[in-house]
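A closer look at the structure
The residues making up each chain are set out below.
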Amino acid sequence: SVLISEQLVTDKTADEVYREIEAFVFEQYRTVIELKPYVRDYLIQLQQKGVHMCVATLTNRPMVEAVLKRLEVADFFDFILTVPEVGATKAEPKIYLEAVKRFGCAKDDCVVFEDSCYALTTAKNAGFYCIGVDDPWQDISEKFIHQYCDQFITGFEELLEDQ
C-alpha cells in the first residue's frame, strides 16, 4: 500500500482491506483490550446481589467472546447479544428490547450502561434507565448528559459500595 496525497492507493479489493482491518481489530480484542478500572469489582458486587447481566454490543460474537474469556469475565453474563444477530444497530432499541425479553422482566427492571451518545439516545428514548459511561473517544456534553443519562459516571469506582 502507498499513501499519496492523503489517499490510500492499493492493489487490494475492498473486501481484502476489510478483512485485514477486521483481523487487526480481532487481534486487539484477543490480546490488547483491557477492562476499565474497577469493572471486575463492580461485576462481582452485582453478581453477589444476584443481578442478571448481559452484554449487548455492536462487536461481533467471536471478538466479544474472545475478550470476555481472556479477561475472565464471561461467567458474569447470562448471555451476549450482538447487533449483527438482532439485525438492527443501536440506533434502534431492538437489542435492548431483546435483552428484556430474554431476561423475562419488565423494561423498568433493567439498566443500560453505554458509552456512546447515539446508543444512550436510543435506550433513553425507548424508556430505559441509562447510565452514561465516560470514555476518552466520546465527547459527551453536559446538556446531553442531563437529557439522556439518569446517571453519568467517569469511572466504575463511583458505583462500588463500601466493602
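The next point concerns the sheet that holds strand β7 (residues 151-153). Judged by pairing direction, the sheet is parallel, and its three strands sit side by side in the order β5-β6-β7 without closing on themselves. The two strands at the open ends of the sheet, each matched to only one other strand, are β5 (111-114) and β7. Within the sheet, the average angular offset between the axes of one strand and its neighbour, ignoring direction, is 20°. Taken together, the three bridges between strand β6 (residues 129-133) and β7 define a ladder with parallel strand orientation.

For the rest of this paragraph, the subject is helix α5 (residues 94-103). All of the buried residues along α5 are Ile 95, Tyr 96, Ala 99 and Val 100. For α5, the arc enclosing every buried residue in end-on projection is 145°, short of the 170-degree limit, so these residues lie on one face. Tucked into the core, α5 has its buried residues touching β3 (54-57), β4 (79-82), α4 (83-86), β5 and α6 (117-125). Downstream of α5 by one or two residues, Gly 104 has phi in the positive range, about 70°.

For the rest of this paragraph, the subject is the packing of aromatic side chains. Within the structure shown, the criterion is met by six aromatic pairs. Taken together, a centroid distance of 6.0 Å and an interplanar angle of 45° make the contact between Tyr 42 and Phe 156 tilted. With Tyr 42 in helix α2 (residues 39-48) and Phe 156 in the segment after β7, the pair connects residues that are 114 residues apart, well separated along the chain. As far as the burial class goes, Tyr 42 and Phe 156 line up, both buried. Residues Phe 113 and Phe 156 carry aromatic rings whose centres are separated by 6.2 Å and whose planes lie at 25° to one another, so their mutual orientation is stacked. Separated by 43 residues along the polypeptide, Phe 113 in strand β5 and Phe 156 in the segment after β7 bring together distant segments of the chain.

Next up on the list: the confidence of the model for the chain. Chain-level pLDDT for the chain is 90 on average; 93% of the residues reach the 70-or-more range. Mean pLDDT across the secondary structure elements of the chain bottoms out at strand β1 (residues 2-4), with 45, and peaks at β4, with 98.

At Tyr 38, a residue that is not glycine, the phi angle is positive and equals roughly 75°. With respect to the element layout, Tyr 38 can be found in the loop between α1 (14-31) and α2. On the accessibility criterion, Tyr 38 (42% relative accessible area) is partly exposed. Its identity is not glycine, yet Glu 72 carries a phi of approximately 55°, on the positive side. With respect to the secondary-structure elements, Glu 72 resides in the loop between α3 (61-70) and β4. Residue classification places Glu 72 among the exposed positions, given a relative accessible area of 64%.

Here the focus is the pattern of salt bridges. A side chain of one charge can pair with a side chain of the opposite charge if their charged atoms are brought near each other. In the structure shown here, the tally under the stated rule is eight salt bridges. One salt bridge connects Asp 135 with Lys 36, and the closest N-O pair in it is separated by 2.6 Å. Taken together, the positions of Asp 135 in the loop between β6 and α7 (142-148) and Lys 36 in the loop between α1 and α2 put the pair 99 residues apart, joining distant regions of the chain. By relative accessible area, which is 9% here, Asp 135 ends up buried. Notably, a salt bridge pairs Arg 61 with Glu 65, separated by 3.2 Å at the nearest N-O pair. Of this pair, Arg 61 and Glu 65 both sit in helix α3, four residues apart, which is roughly one turn of the helix.

On to the side chain of Thr 122, then. Turning to its location among the elements, Thr 122 is positioned in helix α6. Accessibility expressed as a relative area gives 9% for Thr 122, which makes it buried. Residues in contact with Thr 122, not counting those within four places in the same chain, are Lys 90, Ala 91, Glu 92, Pro 93 and Tyr 96.

Calculation rules
- Residues numbered from 1 in each chain as written.
- Predicted model: local features only at pLDDT ≥ 70, side-chain atom pairs only at ≥ 80, totals over all residues.
- Heavy atoms only, no water.
- Pairing = 2+ DSSP bridges.
- Helix = DSSP H or I, 4+ residues; strand = E, 2+ residues; numbered from the N terminus.
- Axes fitted to C-alpha atoms, helices over the stretch in contact; angles between N-to-C directions.
- Buried < 20%, exposed > 50% of the residue type's maximum accessible area, 1.4 Å probe, protein only.
- Arc of directions from axis to C-beta.
- Contact = heavy atoms within 4.5 Å.
- Phe/Tyr/Trp six-rings, centres within 6.5 Å; stacked < 30°, edge-to-face > 60°.
- pLDDT = per-residue confidence, 0-100.
- Salt bridge = Lys/Arg side-chain N within 4 Å of Asp/Glu carboxyl O.

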